[in-house]
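Residue-level structure breakdown
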Amino acid sequence: DIEEAASSRAETTLTPQADGSVLASGEAPDRETYTLKATTTVPSIRFVRIEALTHESMKRNGPGRAGNGNFALSHLKVFASPVDRPGTEKTQLKLVSARATHEQNAGNLSVAAAIDDKPTGTGWAVDAGGIGSDQAAVFALAEPLEFAKGVVLEFQLTFANNGQHSLGRSRFSVSASEAPPVIVGEGRSEALAEALAALAEGTQETEHREVLFPFFAAGDSRWVKLDAAVRDSLRDKPQPRLTKVQVTSEGFPPTKHHADGRGFLHFYPETHFLERGDPNQKRGVAEQGFLQVLMRDGKSAEDWRVRPPEGWTRTSFRRTGLANWITDTESGAGHLLARVIVNRVWHHHFGRGIVATPNDFGLQGEVPTHPELLDFLARRLIENGWSLKQLHRDILTSATWLQAGDPDAEKERIDPENRWLWRFRPRRLEAEIVRDSMLAVSGQLDPAMFGPGTLDESQRRRSLYFTIKRSRLVPMMQIFDQPEPLVSQGRRPSTTIAPQALFFLNNAQVVNWAKAMAASLPGDDTDAAIREVYLRTLGREPSGTERGRGRAFLDAQAASYDSPDAGRLALADYCQAIFGLNEFIYLP
């Protein structure tokens, strides 16, 4: 009677169910041993069966109590004692082979591992396709167990592989058959019963045959013997040497890096030199190093390298060492770092860097047009504590930035590319600033800072908050030459193409921004409205000619609308036309 003889070493509650199974409840311990006793009058026992059954109380319905629904039966022992001779010492039965409906692998987590000579480290588990469904395992006795008046069986199940990997709901049975089928349920599963009925009616389909084959094969002693030989052979076959590698692709779970102790550093604590790229030909561990050409004063990589504190496992501190070297202006790469960022900021403001190849400061890149200026600004940056805000201020208050863009035939003959910065060369705004400018002048810009990005084109925050997703780029950003996200872009292209003009004419968002701007203008004073539009968008007063053309445009547009709101609609059209001016999207 299992109801009176079910116990747990960890004091787990084991409750018998109406279907003959036993349900475990309460907090699952890290290690566990169940002991269950039952009496049977089967005169000759050749096999014992354990069913691992699902239940809604377990994660993913089990059949195990682990966080993923798995279990790991580390070891199974079965003892027997005769019913008619109470007090007789119980005998451990020898289990010699095992078959299961599913096993996690053919090695240390196979059903046969539950009866090997290893009490821990191996055992029957059902991950890799078996979680969430009922499973069963049949174990053969070395010799038939025969007691004429019945026998008391004691099942001892040990779960010692992983934390909380014990069975949640289990059921036990015995068989006198020479080759009982490995099925779940009392007698026959629903799928098997359906297949047998189809066979009797002569209507069996392919799926029925797939269920019937193992059922009938299990009753063929010769097939069972041959199948066992195949399983034994597969278990002993050489196993490939597997090496974990990082895969970066869409559709795969993201690889953890330094987020926790089981991140990138946990799986890849060392990097090796590989002979011809072969992971089986490791030629020593690669230590962190830096470019020798950017190490001066006799310094070595060890001078910047940082070792983790004792017992630290979360990060390698290699990035700290890299930061130390790359910002060391005396002996490391800091002097180059300062020149590179200064050049990029200059490039941002003037459309061309002091070094015209911002991604290449080497021999294959261009030489600086003003090396002394580059060095001066780099020193200023370092002296000001690497303050980029001060660097912007230095550039934007300089005479070079403040000069006009008027052409000069003589100077253009000498320097047609303006390499010597004799004038300010007009250039188009970047994609993000074109959009942000329309939002700002229309009063629609949301100035909120920080927070997550988005792919919603109607969002009103600055364009830098667009998420860059390679398969879903924002069309407006592409039209105005947003950089290709797959490769490093030191310099953006600046094109003039028809879709840009069509964008200002037809884009629904541009229309809405123009309407929003028009709604904020004085509708009863045409001259005041025109002046306000010019001040907001172009930062200057309109000329007399521009005022006249503006009034003519507004009158013509208002006359074209058969609407009581014709004046406001005409103002929206006027704002949209101003958005399309070169002066609005070009720095003069």
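To be clear, the structure that these remarks concern was listed above.
Presented here is an overview of the structure given in this document. (Residues numbered from 1 in each chain as written. Predicted model: local features only at pLDDT ≥ 70, side-chain atom pairs only at ≥ 80, totals over all residues. Heavy atoms only, no water.)

Describing the overall build of the protein chain
In terms of regular secondary structure, the protein chain is built from 18 helices and 15 strands. Its C-alpha atoms give the protein chain a radius of gyration of 39 Å, clearly above 25 Å, the size a compact globule of 588 residues would have. Seen through its principal axes, the protein chain has C-alpha atoms that stretch 120 × 80 × 45 Å. A total of 588 residues make up the protein chain; the buried ones form 37% of that total. Of the contacts formed within the protein chain by residues at least 6 apart in sequence, a portion of 61% connects residues at least 24 apart. Summed over its atoms, the accessible surface of the protein chain is roughly 33800 Å², and 52% of this surface lies on carbon and sulfur atoms. Put simply, the protein chain has 69 plus and 75 minus side-chain charges, and the middle of one group is 4 Å from the middle of the other. (Helix = DSSP H or I, 4+ residues; strand = E, 2+ residues; numbered from the N terminus. Rg over C-alpha atoms; globule rule 2.2 N^0.38 Å. Buried < 20%, exposed > 50% of the residue type's maximum accessible area, 1.4 Å probe, protein only. Contact = heavy atoms within 4.5 Å. Areas by Shrake-Rupley, 256 points an atom, 1.4 Å probe, with all protein chains shown as cover. Lys, Arg positive; Asp, Glu negative; His and termini not counted. Charge placed at Lys NZ, Arg CZ, Asp CG, Glu CD.)

Here's the deal with the packing of helix H6 (residues 334–350) against helix H7 (residues 371–383)
The geometry of H6 relative to H7 is characterised by a closest axis approach of 9 Å and an angle of 110 degrees between their N-to-C directions. Considering their axes alone, H6 and H7 lie roughly perpendicular with respect to each other. Contact with H6, carried on its side by Ala 338, Arg 339, Ile 341, Val 342, Asn 343 and Trp 346, involves Leu 373, Leu 374, Asp 375, Leu 377, Ala 378, Leu 381 and Ile 382 of H7 and no other residues of that element. (Axes fitted to C-alpha atoms, helices over the stretch in contact; angles between N-to-C directions. Parallel < 35°, antiparallel > 145°, perpendicular 65-115°, else oblique.)

Structural notes on the sheet that holds strand E3 (residues 22–25)
The six strands lie next to each other as E2-E3-E11-E5-E9-E8, forming an open sheet whose pairing is antiparallel. Because the sheet does not close on itself, it has two edges, and the strands there are strand E2 (13–16) and strand E8 (95–100). The sheet shows a mean angle of 25 degrees between the axes of neighbouring strands, direction not considered. In this structure, E3 lies alongside strand E11 (residues 169–175), joined through two bridges in antiparallel fashion. By the bridge assignment, Leu 23 is partnered in E11 with Arg 169. (Pairing = 2+ DSSP bridges.)

Side note on the nonpolar core
By size, the foremost hydrophobic cluster in this structure holds 35 residues, and its most contacted members are Leu 73, Trp 124, Phe 139, Leu 145, Leu 153 and Leu 157. Of all elements in the fold, only E3, strand E4 (32–40), strand E5 (44–52), strand E6 (75–82), E8, strand E9 (135–146) and strand E10 (151–159) reach the threshold of two or more residues within this core. Counting residues per element, this core draws most heavily on E10, which supplies five residues. Once residues within four sequence positions are removed from consideration, Leu 153 is found in contact with Leu 36, Lys 37, Ala 38, Thr 40, Ile 45, Val 78, Phe 79, Ala 80, Leu 93, Leu 145 and Val 174. Counting 34 residues, the second largest nonpolar core, distinct from the first, contains Leu 439, Phe 503, Leu 521 and Ile 578. (Core = buried A, V, L, I, M, F, W, Y, C linked by side-chain atoms within 4.5 Å.)

Quick look at empty space enclosed by the protein
Here the idea is plain: a probe the size of a water molecule rolls over the atoms and shows the empty space left. Going through the model one piece at a time under the given rule, you end up with three cavities of 30 Å³ or more. When its volume is computed, the largest cavity comes out at roughly 90 Å³. If you trace the largest cavity, you find it lined by Phe 350, Arg 352, Thr 400, Gln 403, Asn 418, Leu 421, Arg 423, Phe 424 and Arg 425. Among the residues forming the lining of the largest cavity, the class breakdown is three nonpolar, three polar and three charged. Along the walls of the second largest cavity sit Trp 346, Arg 352, Gly 353, Ile 354, Thr 369, His 370, Arg 419 and Leu 421, which together make up its complete lining. Grouping the amino acids of the lining of the second largest cavity by side-chain chemistry returns three nonpolar, three polar and two charged. (1 Å grid on protein atoms, 1.4 Å probe; cavity = no way out; pocket = protein on both sides within 12 Å on 5 of 7 lines; lining within 4 Å. Points joined across faces, edges and corners; volume = space filled by probe spheres on them. Nonpolar A, V, L, I, M, F, W, Y, C, P; charged D, E, K, R; others polar.)

Quick look at the environment of Lys 225
Positionally, Lys 225 belongs in helix H3 (residues 221–236). Of the residues examined, Lys 225 reaches a relative accessible area of 65% and is grouped as exposed. With 275 residues separating them in the primary sequence, Lys 225 and Gln 500 have C-alpha atoms 76 Å apart.

A look at the packing of aromatic side chains
Counted by the stated rule, this structure contains 14 aromatic pairs. Judged by centre distance (5.1 Å) and plane angle (85 degrees), the rings of Phe 71 and Trp 124 are edge-to-face. Of this pair, Phe 71 sits in the loop between E5 and E6 while Trp 124 sits in the loop between E8 and E9; the two residues are 53 residues apart in sequence, bridging distant segments of the chain. Take Phe 71 and Trp 124: they sit in the same class, and that class is buried. A centroid spacing of 5.9 Å and a plane angle of 45 degrees characterise the contact between Phe 553 and Tyr 574, whose relative ring orientation is tilted. Of this pair, Phe 553 sits in helix H16 (residues 544–560) while Tyr 574 sits in helix H17 (residues 566–579), and the two are 21 residues apart along the sequence. With relative accessibility at 29%, the residue Phe 553 sits in the partly exposed group. Among the residues examined, Tyr 574 registers a relative accessible area of 5% and is labelled buried. Following the ring pairs from residue to residue traces out a cluster consisting of Trp 346, Phe 350, Trp 401 and Phe 424. Of note, Lys 90 hangs over the ring of Phe 79, and the distance from its end group to the ring centre comes to 4.8 Å. (Phe/Tyr/Trp six-rings, centres within 6.5 Å; stacked < 30°, edge-to-face > 60°. Lys NZ or Arg CZ within 6 Å of the ring centre and 35° of its normal.)

A closer look at the pairing of E9
Pairing between E5 and E9: eight bridges, direction antiparallel. Residue pairing for E9: Arg 49 is matched across the bridge by Val 138. The pairing of E8 with E9 spans five bridges and is classified as antiparallel. Counterpart to Arg 99 in the pairing with E9 is Val 138.

Concerning the layout of surface pockets
Taken as a whole, the largest pocket encloses approximately 820 Å³ of empty space. Lining the largest pocket are 34 residues, with His 347, His 348, Arg 427, Glu 430 and Arg 492 positioned closest to its centre. Only H6, strand E14 (427–428) and helix H11 (431–441) provide two or more residues apiece to the lining of the largest pocket. The residue inventory of the lining of the largest pocket, partitioned by class, reads 13 nonpolar, nine polar and twelve charged.

Some thoughts on unusual backbone geometry
For the peptide bond that leads from Gly 62 to Pro 63, omega is 20 degrees, which places it in the cis range. Within the secondary structure, Pro 63 is located in the loop between E5 and E6. In this structure, Arg 276 takes a positive phi of about 55 degrees despite not being glycine. Mapped onto the fold, Arg 276 is located in the loop between strand E12 (272–274) and strand E13 (282–285). Even without a glycine there, the phi angle at Phe 450 is positive, about 70 degrees. Along the chain, the position of Phe 450 falls in the loop between H11 and helix H12 (475–479). By relative accessible area, which is 62% here, Phe 450 ends up exposed.

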